[in-house]
Amino acid sequence: MDKELIIILDLGGYNSQLIARKIRQCNVYCEILPCHTDVEKIKGKSPKGIVLTDKPAAYGQDLSVTGVPFIYIGELVGDVNLSGEDSTEFTEALRNFLYKTCGCSGNWNMTSYVDMTIKQLKEKIGDKKVLCALSGGVDSSVSAVMVSKAVGRQLTCIFVDHGLLRKNEADEVEAVFTRQFDVNFIRVNAQQRFYGKLAGVTDPEKKRKIIGEEFIRVFEEEAKKIGKVDFLVQGTIYPDIIESGTGKSGLVKSHHNVGGLPDHIDFKEIIEPVRDLFKDEVRKAGLVLGIPEKLVNRQPFPGPGLGVRIIGEITAEKVKILQEADYIYREEIANAGLDRQISQYFAILTNLKSVGVKNDERTYDYTVALRAIKTVDFMTAEYVEIPWDVLRRISKRIVNEVEHVNRVCYDITSKPPATIEWE
Ligand code: XMP
């Protein structure tokens, strides 16, 4: 398949990621380049056309030397509100530009993209060895499966169970990778090691740091046993690339993604099989590759996992309590058919104990909080109005079925001023 490329030149003005998504929805592949990109570099990429997010004057270089059509997106958008309803008018105008003006054939789709990527990976890797830190998240799972389809057992996946995953999650990931795909799968049960390191630590940022560092250490130790590898797989996705180095607003929390880059592993090069894809495209690729829907449509889960959902000190007992409560919550949300309408939902184990009564006996047990939010970009979020009867059922089940919980609260705060996670 010829890779027909459209360049989006990000000059501010219209949202470049939104435009990129619209172009890809027309089955045309596109990439975003920053405003300072030299015109010769654009030319070197041999695009079929160029889309500008602001008027050409904002670029300051002469695009007509590229010899391909270019357009200011505002001319196609007209009065349409792009973030609102899908506009057939705009889509029609965009298609006209892509197909008629630029001569694109619209041959880009996920199946051919996945096939092409696997073929390229095969050529690149040859008979060499590849290592992957699998987190069980969508990005690393899809990346790993792409490599496995390309080179099979030349790939080793290391999956570190840090003891802060949701109930049954580690077993589910292991089952998918060992039964369905042809890879060397190593599961490291490092739960006690993490709990040991975290004992007595209450500061959220310290917890994040310890979990992130310990993860790298465990991964490195396992990797050493394998010896020299040639490539390391990373689940970088397109927004990570666009957003890196754009000088975002100040750091509110460190988002230490478990699976970050280790320092002491002997490898030659990094492979990023999904680096060109947006999140929803990664999910589509996952389905094309045959990864179960449950894993592909998984809601975001922070790298430090339940570690930032247990307020205060983390202990094995608290992890167990939270896993059980969170499992009931997720089960009831799914039963109520609400799981697809909520962007992210989870339980939190607060550090608060209060008085209650169970079987005529006084109890002094934990309060579990429930959170459910709706968001487009996770930068801002609204809490979801879960129906009372669903909340009632969840609360009842949690206090009846989970030991050491005697109270359930629902978080009705949006972001801002609250964050999505509690720590
Ligand atoms: P906040 O709590 O900052 O969360 O409103 C925004 C999104 O980021 C996720 N999150 C994390 N992800 N490591 C991660 O990989 C982290 O330390 C972390 N903290 C928050 C959170 O789940 C939400 O989707």
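Here, every reference points to the structure presented above.
Residues numbered from 1 in each chain as written. Predicted model: local features only at pLDDT ≥ 70, side-chain atom pairs only at ≥ 80, totals over all residues. Heavy atoms only, no water.

> Please clarify how the sheet that holds strand E3 (residues 49–52) should be interpreted in this entry.
Within a sheet, each strand pairs with its neighbour through backbone hydrogen bonds, oriented either parallel or antiparallel. The parallel open sheet is built from four strands, whose spatial order is E2-E1-E3-E4. Each of the sheet's edge strands pairs with one partner strand only, and the pair in question is strand E2 (29–34) and strand E4 (70–72). Averaged over all pairs of adjacent strands, the angle between their axes in this sheet comes to 25°, without regard to strand direction. Sheet topology note: the E3/E4 ladder contains three bridges and is parallel. The residue bridging Val51 from the neighbouring strand is Ile71, located in E4. (Pairing = 2+ DSSP bridges. Helix = DSSP H or I, 4+ residues; strand = E, 2+ residues; numbered from the N terminus. Axes fitted to C-alpha atoms, helices over the stretch in contact; angles between N-to-C directions.)

> Could you clarify how one ought to interpret the pattern of salt bridges in this entry?
Where side chains of opposite charge bring their charged atoms close, a pairing between them can arise. Tallied over the entire structure, the rule returns 30 salt bridges. The salt bridge partner of Asp139 is Lys279, with a shortest N-O separation of 3.1 Å. With Asp139 in helix H6 (residues 138–151) and Lys279 in helix H11 (residues 279–288), this residue pair connects regions lying 140 residues apart in the sequence. Taking relative accessible area as the criterion, Asp139 reaches 16% and is therefore assigned buried. A salt bridge links Glu421 to Arg309, with the nearest nitrogen and oxygen atoms 2.8 Å apart. Of this pair, Glu421 sits in the segment after strand E13 (405–410) while Arg309 sits in the loop between helix H12 (293–296) and helix H13 (316–335), and the two are 112 residues apart along the sequence. What you see here is one network of salt bridges that share partners, running through Glu331, Glu332, Arg393, Arg397 and Glu401. (Salt bridge = Lys/Arg side-chain N within 4 Å of Asp/Glu carboxyl O. Buried < 20%, exposed > 50% of the residue type's maximum accessible area, 1.4 Å probe, protein only.)

> When you look at the sheet that holds strand E5 (residues 130–134) in this model, what are you seeing that I'm missing?
Taking strand neighbours across the sheet as the criterion, the five strands line up as E7-E6-E5-E8-E9 in an open arrangement whose pairing is parallel. Only two strands of the sheet have a single partner each, and these edge strands are strand E7 (184–189) and strand E9 (269–271). With strand direction ignored, the average angle separating the axes of adjacent strands in the sheet is 25°. Looking at chain direction, strand E8 (residues 231–233) and E9 are connected through three bridges and run parallel. Bridged to Val233 within E9 is Ile271. Contacting E5, E8 and E9, helix H5 (residues 110–125) runs over the sheet at an angle of about 165° to E9. In this fold helix H9 (residues 204–226) packs onto E5, strand E6 (155–161), E7 and E8, with an angle of close to 145° to the strand it touches most, E6. (Contact = heavy atoms within 4.5 Å.)

> Just to check I follow, could you spell out the state of the cysteines for this structure?
Each disulfide consists of one covalent bond between the sulfur atoms belonging to two cysteines. Under the definition given, this model contains zero disulfides. Cys157 provides the cysteine sulfur closest to Cys132, a residue in no disulfide bond, and the two sulfurs are 4.5 Å apart. (Disulfide = S-S within 2.5 Å.)

> How should I be thinking about the packing of aromatic side chains in this particular structure?
In this description, an aromatic ring pair is defined by two values, namely the gap between the centres and the angle between the planes. What the rule picks out here adds up to nine aromatic pairs. Ring centres of Tyr29 and Tyr113 lie 6.4 Å apart, and the angle between their planes is 20°; on these two criteria the pair is classed as stacked. Residue Tyr29 is located in strand E2, and its partner Tyr113 is located in helix H5; the two are separated by 84 residues in the primary sequence. Tyr29 sits in the buried class, given a relative accessible area of 1%. Of the residues examined, Tyr113 reaches a relative accessible area of 2% and is grouped as buried. Note on Trp108 and Tyr113: the rings are 5.5 Å apart at their centroids and 65° apart in plane angle, and the pair reads as edge-to-face. (Phe/Tyr/Trp six-rings, centres within 6.5 Å; stacked < 30°, edge-to-face > 60°.)

Function cannot be inferred from these measures alone, as they are strictly geometric.
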